[in-house]
Amino acid sequence: MSPPRHPGRVAVTESVEIADPRTESEPFGWTGFFRTQGLHAVWDYELLRLEAWAARNPPLLLVARSGGEIIAGACVLVCRLWPRSSYVLAPQRRGLSMSSLSPLWAEVAQPWLSGFPGVVFGEGVDDGAKAEVLRRFERALVRRLGMRTAGVLYRSVDAALAAVLDGRGRLVRQVDTVSVLRNTFADQDDWVSGLSKSRRASLRRSLRAVQRHVESGRVVVRSGSARQDLPGGEVAALLNRHRAELGIPVSDTRSPLSGLYFDVFLRRSDVNTLTYHDSEGRLLAINTWLEHPRCLVKQHWASLSVADGGLRDLLFDSYLRAVRHMISTGVRELSAGRRPHEIKHELGFTPRPVYGVAVPRPVMGR
């Protein structure tokens with residue numbers, strides 16, 4: 001890739017601000033930017049605050065302004081080799097622990113929005129302006145984090161943003177794909193009919209099995225936004241247990257989410273929650289969908305294992321319901337995140353490449 005050279009309109013970046021959601025106020029105008037740009041729920045500053053207080057590597061919010069208006073924002077995790085506990089120490093000077101001598105690195109990422117970058121831009125910001133904003137963000141991070149900063153890693157950027165980030169001394173690699181289903185269907189039967197014969201048969205068997213459980217009263221299925229009936233602690237426990245059972249990669253810098261986070265998150269009108277309970281009210285599985293006019297995101301999924309009383313067919317039922325919701329609301333596409341790719345491909349999702357960009361300290365801001 002070569003550095004972008006675009007002669008179009010470039011918004012001049014006048015200032016960059018950094019806010020630690022745990023200790024600093026929301027940047028002026030962020031709520032307006034959030035609404036105008038139609039960002040997914042996880043960009044809300046209150047949610048960033050709740051996430052930061054429970055995170056081992058807490059996020060910062062960076063904003064760039066032009067003419068006083070916000071033109072870009074970035075969610076940046078401040079990562080440390082130590083401590084390796086689940087949660088960070090209490091914030092000290094400017095939200096950072098100054099006692100540790102271990103190196104720091106920054107990850108530009110939205111940790112709970114799989115396959116999406118941790119940076120967003122306003123309308124009319126061309127590639128030249130994006131390059132300027134990102135270099136200014138990098139210089140601001142060096143000033144904030146100090147000489148212990150080893151570099152910055154951009155996660156899950158698309159090909160266009162990877163080209164903007166490319167340059168001398170920067171490492172750009174495709175690291176994975178994100179599974180996306182374009183909304184080209186008249187109804188759910190139209191979607192199912194486009195799958196392979198074997199997948200159609202197995203999917204229909206799974207859906208019939210779930211329907212039998214529902215009709216017998218063994219399983220209760222509920223779906224809706226702004227759910228008031230779900231205890232955040234119960235949801236957090238199931239999701240964190242599910243992650244632990246799958247195995248958390250060493251490269252995963254996220255911490256467990258808290259019950260308090262979900263007490264707020266699940267009540268939002270732009271978060272749709274699908275739940276499966278047994279006849280005694282025990283939570284068997286949960287799936288959250290982030291509402292959006294262009295891209296519905298099939299986000300958190302967790303279920304009890306069969307050995308612990310869960311049901312093996314609920315995952316496929318959740319895909320049917322998500323596709324049905326996409327079709328009924330007219331959303332352009334459904335994003336189901338990254339792995340497992342095989343299952344998603346068999347359900348008609350297509351892979352979209354995502355890139356990682358590593359920027360060592362000597363070239364940050366250049």
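Heads up: the structure comes first, above all this text.
Residues numbered from 1 in each chain as written. Predicted model: local features only at pLDDT ≥ 70, side-chain atom pairs only at ≥ 80, totals over all residues. Heavy atoms only, no water.

Colleague: Tell me about helix H6 (residues 197-216), and please be specific about residues and values.
Modeller: With 20 residues, H6 should cover 28 Å at 1.5 Å per step; its first-to-last C-alpha distance of 29 Å lies within 8% of that length. Within H6, burial applies to Arg199, Ser202, Leu203, Ser206, Leu207, Ala209 and Val210. Down the axis of H6, the sector holding all buried residues measures 155°, keeping them to one side. Exposed and facing more than 90 degrees away from the buried side of H6 are Lys197, Arg212, Glu215 and Ser216. Of the surrounding elements, those touching the buried residues of H6 are helix H5 (188-193), helix H9 (314-329) and helix H10 (341-346). The first or second residue beyond H6 is Gly217, which carries a positive phi of 85°. (Helix = DSSP H or I, 4+ residues; strand = E, 2+ residues; numbered from the N terminus. Expected span 1.5 Å × (residues − 1). Buried < 20%, exposed > 50% of the residue type's maximum accessible area, 1.4 Å probe, protein only. Arc of directions from axis to C-beta. Contact = heavy atoms within 4.5 Å.)

Colleague: Just give me the short version of the packing of aromatic side chains, but keep the residues and values in it.
Modeller: Under the defined criterion, the tally for this structure stands at six aromatic pairs. Between Tyr261 and Phe262 the ring centres are 5.5 Å apart and the planes differ by 80°, which places this aromatic pair in the edge-to-face class. Like Phe262, Tyr261 is buried. Relative to Phe265, the ring of Tyr261 lies with its centre 5.6 Å away and its plane at 25°, an arrangement referred to as stacked. Linking Tyr261 with Phe265, this pair stays in helix H8 (residues 259-265), spanning four residues, or about one helical turn. (Phe/Tyr/Trp six-rings, centres within 6.5 Å; stacked < 30°, edge-to-face > 60°.)

Colleague: How would you summarise the side chain of Ser206 if you had to cite specific residues and measurements?
Modeller: Along the polypeptide, Ser206 turns up in helix H6. In contact with Ser206, not counting residues within four places along its chain, are Asp313 and Phe316.

Colleague: Mind laying out the nonpolar core, listing which residues take part and the relevant values?
Modeller: Ranked by size, the top nonpolar core spans 67 residues in total, and within it Trp30, Trp43, Trp191, Phe262, Phe265 and Met326 carry the most contacts. With eight residues, H9 is the largest single contributor of residues to this core. Leave out the neighbours within four places in its chain, and Phe262 touches Gly232, Val235, Ala236, Leu239, Leu257, Arg267 and His300. Counting 37 residues, the second-largest nonpolar core is a separate cluster that includes Ala131, Val142, Leu145 and Val359. (Core = buried A, V, L, I, M, F, W, Y, C linked by side-chain atoms within 4.5 Å.)

Colleague: Could you give an account of the layout of surface pockets, with specific residues and numbers?
Modeller: The computed volume of the second largest pocket comes to approximately 940 Å³. Lining the second largest pocket are 36 residues, and of these Phe116, Pro117, Val120, Asp158 and Arg294 sit closest to its centre. Counting residues per element, the ones that place at least two in the lining of the second largest pocket are strand S5 (119-121), helix H3 (127-145), strand S6 (149-157), helix H4 (159-165), strand S7 (171-182), strand S12 (333-335) and strand S13 (350-360). Split into classes, the residues belonging to the lining of the second largest pocket amount to 18 nonpolar, nine polar and nine charged. (1 Å grid on protein atoms, 1.4 Å probe; cavity = no way out; pocket = protein on both sides within 12 Å on 5 of 7 lines; lining within 4 Å. Points joined across faces, edges and corners; volume = space filled by probe spheres on them. Nonpolar A, V, L, I, M, F, W, Y, C, P; charged D, E, K, R; others polar.)

Colleague: Run through empty space enclosed by the protein, naming residues and quoting values.
Modeller: Applying the stated criterion across every chain yields a total of one cavity of 30 Å³ or more. In this structure, the largest cavity encloses a volume near 80 Å³. Lining the largest cavity are 13 residues; nearest its centre among them are Glu51, Ala55, Trp112, Arg254 and Ser255.

Colleague: Hey, could you go over the packing of H6 against H9 for me, with residue numbers and the actual values?
Modeller: Packing of H6 against H9 leaves a shortest axis separation of 9 Å and a crossing angle of 100°. In terms of orientation, H6 lies roughly perpendicular with respect to H9. Contacts between H6 and H9 involve Arg199, Leu203, Ser206, Leu207 and Val210 on the former and, on the latter, Leu314, Phe316, Asp317 and Leu320. The residue inventory of the contact of H6 with H9, partitioned by class, reads six nonpolar, one polar and two charged. (Axes fitted to C-alpha atoms, helices over the stretch in contact; angles between N-to-C directions. Parallel < 35°, antiparallel > 145°, perpendicular 65-115°, else oblique.)

All we've got here are geometric facts, nothing functional implied.
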